[in-house]
Amino acid sequence: MEKRELICIGCPLGCMITVDMQDGKVVKVTGNTCTRGEKYAVKEVTCPTRIVTSSVRVSGGDIRVLSVKTREAVPKEKIFDCANALKTVKVAAPVRIGDIILKDAAGTGIPFVATKNVKSPSTL
Ligand code: SF4
């Protein structure tokens, strides 16, 4: 029996959760105070995902760097591929929050979107 220890990130309480696994399958979750913690723990040990945040260069805007994030969480093993996919991306102002900056982050099918507005000189 394999045991995985996690700290739940669902709320500030930060419960210490133990997941018992057998042959890659969850058999028992303990230490969680609520069902959210159980769901988090099961997902974290079977299919962990993360929102990826990063930045891209901007041309012709009031700022030179734009913060971006994946619109949804991506598989944890794809985080570095997603970040690398942005290295050559440069966007032209204006940009609005939520605009798609990169359609498909490293083959995940999930886009990177802008998390800031960028004005161009004509819209300042
Ligand atoms: S298990 Fe529930 S109460 Fe505990 S940290 Fe997670 S969300 Fe908060």
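### Overview of the overall build of the protein chain
The number of helices and strands found in the protein chain is 2 helices and 10 strands. When its helices and strands are written in sequence order, the protein chain yields β-β-β-α-β-β-β-β-α-β-β-β. Relative to the 2.2 N^0.38 estimate, which gives 14 Å for 124 residues, the radius of gyration of the protein chain is 19 Å and therefore markedly larger than a compact globule would have. Along the first, second and third principal axes, the C-alpha atoms of the protein chain reach 60 × 30 × 15 Å. Considering the protein chain as a whole, with its 124 residues, one finds that 31% of them fall into the buried category. In the protein chain, the share of contacts with a sequence separation of at least 24, taken over all contacts with a separation of at least 6, comes to 46%. Element-wise, carbon and sulfur atoms account for 54% of the exposed surface of the protein chain, whose accessible area totals about 7,900 Å².

### Some thoughts on the sheet that holds strand β10 (residues 112-114)
One open sheet accounts for 5 strands, arranged β8-β5-β6-β10-β9; its pairing is mixed. Each edge of the sheet is formed by a strand with only one pairing partner; in this case those strands are β8 (90-92) and β9 (100-102). Across the sheet, the mean angle from the axis of one strand to that of its neighbour is 45°, orientation sign disregarded. Bridge count for β9 against β10 is 2 bridges, and the pairing is antiparallel. Each bridged residue has a counterpart across the sheet, and for Ile-100 the counterpart in β10 is Val-113.

### Examining helix α1 (residues 35-46)
For α1, built from 12 residues, the straight-helix expectation of 16 Å at 1.5 Å per residue is met to within 8% by its first-to-last C-alpha distance of 17 Å. For α1, the set of buried residues is Gly-37, Tyr-40, Ala-41, Glu-44 and Val-45. For α1, the angular spread of buried residues about the axis comes to 115°, placing them on one side. The exposed set on the far side of α1, more than 90 degrees from its buried face, consists of Thr-35, Arg-36 and Lys-39. Here the buried face of α1 lies against β1 (2-7), β2 (16-22), β3 (25-30) and β4 (49-50).

### As for the sheet that holds β1
In space, the 3 strands of this open sheet follow the order β1-β2-β3, with antiparallel pairing throughout. Each end of this open sheet is capped by a strand with a single partner; those strands are β1 and β3. Pairwise comparison of adjacent strand axes, ignoring direction, gives a mean angle of 25° for this sheet.

### Things to note about the environment of Tyr-40
With respect to the secondary-structure elements, Tyr-40 resides in helix α1. Residues in contact with Tyr-40, not counting those within four places in the same chain, are Ile-7, Cys-8 and Ile-9.

### Side note on the domain arrangement of the protein chain
Partitioning the protein chain into structural domains gives domain 1 (2-46) and domain 2 (53-123). For domain 1 and domain 2, the distance between their C-alpha centroids amounts to 32 Å.

Reading the values: the criteria
- Residues numbered from 1 in each chain as written.
- Predicted model: local features only at pLDDT ≥ 70, side-chain atom pairs only at ≥ 80, totals over all residues.
- Heavy atoms only, no water.
- Helix = DSSP H or I, 4+ residues; strand = E, 2+ residues; numbered from the N terminus.
- Rg over C-alpha atoms; globule rule 2.2 N^0.38 Å.
- Buried < 20%, exposed > 50% of the residue type's maximum accessible area, 1.4 Å probe, protein only.
- Contact = heavy atoms within 4.5 Å.
- Areas by Shrake-Rupley, 256 points an atom, 1.4 Å probe, with all protein chains shown as cover.
- Pairing = 2+ DSSP bridges.
- Axes fitted to C-alpha atoms, helices over the stretch in contact; angles between N-to-C directions.
- Expected span 1.5 Å × (residues − 1).
- Arc of directions from axis to C-beta.
- Domains from an automatic or database assignment.

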